[in-house]
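Architecture and fold: a report
Single-letter residue listing:
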Amino acid sequence: MAEEITAETERQFVILRNAVENTNEAFITIDKNSTVIFFNKAAERIFGYARTEVVGRDLGKILTAMCRTRHEQAVAKYVLTGEATLIGHETELVVARKNGDTFPASISFSMAEVEGQLYFTGLVRDLSETRMLENRLAQNERLAALGQTVAEISHEIKNPLVMIGGFARQLLKKATVEKDRAKLTIIVDEVLRLEHLLAGLKELYKTQQLNLAGISLNDLLTEVVDQAQSYLGANGIEIRLASSTDVEVEVDREKIKQVLLNLVKNAIEATSAGGKVVVSTKMQEKRVEVEITDTGEGIPEEFKERIFLPFFTTKAQGTGLGLCISKRIIEDHPGCSFNLDSEEGKGTVATIGIRRGKG
Ligand code: ADP
Ligand code: MG
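What this report covers is the structure whose coordinates are included nearby. (Residues numbered from 1 in each chain as written. Chains lettered and ligands numbered in written order. Predicted model: local features only at pLDDT ≥ 70, side-chain atom pairs only at ≥ 80, totals over all residues. Heavy atoms only, no water.)

**Some points on the pattern of salt bridges**
Evaluated as defined, the whole model comprises 20 salt bridges. The closest approach of N and O atoms between Glu331 and Lys327, which form a salt bridge, is 3.4 Å. Placement of both Glu331 and Lys327 in helix H10 (residues 322-332) is noted, with a separation of four residues, approximately one turn of the helix. Judged by its relative accessible area of 55%, Glu331 is exposed. Within this structure, Glu21, Glu44 and Arg51 form a network of salt bridges that share partners. (Salt bridge = Lys/Arg side-chain N within 4 Å of Asp/Glu carboxyl O. Helix = DSSP H or I, 4+ residues; strand = E, 2+ residues; numbered from the N terminus. Buried < 20%, exposed > 50% of the residue type's maximum accessible area, 1.4 Å probe, protein only.)

Set out below in structure tokens:
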């Protein structure tokens, strides 16, 4: 009978040991002198130490200064008074890995007395991923709330703005005094700029939904270059498409078109009379890169960090939303990348990397 119980106990012990060994939480057991007795697989993964580096050594080695003190105090207090401050409670701490990286962790402790000796076990859960998800969720919520506010304010501003613009245009048609005409022209231009700004803001904060479909890249680029002719004016800038081989890409056609038009428009606006804007493609095995190259003024070093921020513009009529929106759209597309390479006085190359489809 006694033997049977021993075998059963043994079996339960092996099951328990395996369970502890294979769980996602780090299990670290120490004795009352802080010597590590047990260090499971998850502990190795989370802290970055091999078991052999830790077992038999002082736990102080793997704790950050802050939690080391608390831990030593807690153990000392328990040994003295039998009062457990942290035992049974879950605490959140910042813990260091072997490589010095710190991470938020949830820690709870349990205590066992075996043959008159005290053993403390810490259960550590890495909260990095949980925190990251929580932060992203909170940010999405903030963006959604901001989007709602922006939509409401835009709506309130838009109607009077359209009216102001309309009346100013009517007056401009009749105005004969040169000074009045100049003032009315400024009103009309500024109203137009504000209308673009409102449209951009709405776009920026609207929740994005992609309509992905396989499309011909060359068809899209041809359309963009054709449409861009209307931005040229009479300043002798040449824009051309230099792409021969076609490829299928899976994108939201309207959104990518908007990005390309933004970039082509920026390129034209930066280029002076006689300059060139070229839209070209570079095929790679799994990707295709669309390059928009201009021979314009380039971007001064001191602006490079700021050009993607909303409202950063160096143009009198600019909204500073084009690059910011473009970057957002590209980042929303799986497998797409966006890069701007610019040299002041020489020109700029905007590169969009797109994952190739089947074609
Ligand atoms: P906007 O065109 O309304 O100014 P963007 O977000 O499109 O806003 O661009 C931000 C700024 O980045 C521009 O004002 C300009 O200073 C700079 N920029 C963007 N593209 C180019 C380019 N191709 N060449 C030179 N400067 C550029
Ligand atoms: Mg722009």
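**Focus on the sheet that holds strand E7 (residues 238-242)**
Here five strands make up an open sheet; going across it, the order is E7-E9-E10-E12-E11 and the pairing mixed. Where the open sheet ends on each side, the last strands, each with one partner, are E7 and strand E11 (337-343). Strand-to-strand twist of the sheet, defined as the mean angle between neighbouring strand axes without regard to direction, takes the value 15°. Bridging between E7 and strand E9 (residues 276-283) involves five bridges; their strand directions are parallel. Across the sheet, residue Leu241 finds its bridge partner in E9, namely Val279. (Pairing = 2+ DSSP bridges. Axes fitted to C-alpha atoms, helices over the stretch in contact; angles between N-to-C directions.)

**Description of helix H7 (residues 217-232)**
Helical geometry note: an α-helix holds 3.6 residues per turn, so side chains three or four residues apart project in the same direction. Counted at 1.5 Å a residue, the expected span for H7 with its 16 residues is 22 Å, and the 23 Å between its end C-alpha atoms agrees. The complete set of buried residues in H7 reads Leu217, Asn218, Leu220, Leu221, Val224, Val225, Ala228 and Leu232. In a view along the axis of H7, the buried residues occupy a sector of 150°, so they form one face of it. Across H7 from its buried face, at more than 90 degrees, point the exposed residues Asp226 and Ser230. One or two steps after H7, the chain reaches Gly233, where phi turns positive at roughly 70°. (Expected span 1.5 Å × (residues − 1). Arc of directions from axis to C-beta.)

**Quick notes on the packing of aromatic side chains**
Overall, the coordinates contain four aromatic pairs when judged by the stated rule. Judged by centre distance (6.4 Å) and plane angle (45°), the ring pair of Phe39 and Phe47 falls under tilted. Here Phe39 matches Phe47 in class, with each residue buried. Arg97 extends its terminal NZ or CZ atom over the ring of Phe103, reaching a point 4.1 Å from the ring centre. (Phe/Tyr/Trp six-rings, centres within 6.5 Å; stacked < 30°, edge-to-face > 60°. Lys NZ or Arg CZ within 6 Å of the ring centre and 35° of its normal.)

**Re the sheet that holds strand E1 (residues 26-31)**
Taken in spatial order, the five strands line up as E2-E1-E5-E4-E3 in an open sheet, and their pairing is antiparallel. The two strands at the open ends of the sheet, each matched to only one other strand, are strand E2 (36-39) and strand E3 (90-96). Pairs of neighbouring strands in the sheet enclose a mean axial angle of 30°, with direction left out of account. Examined bridge by bridge, strand E4 (residues 102-114) and strand E5 (residues 117-126) share ten bridges and lie antiparallel to one another. Looking across to E5, one finds that Ser108 is bridged to Leu123.

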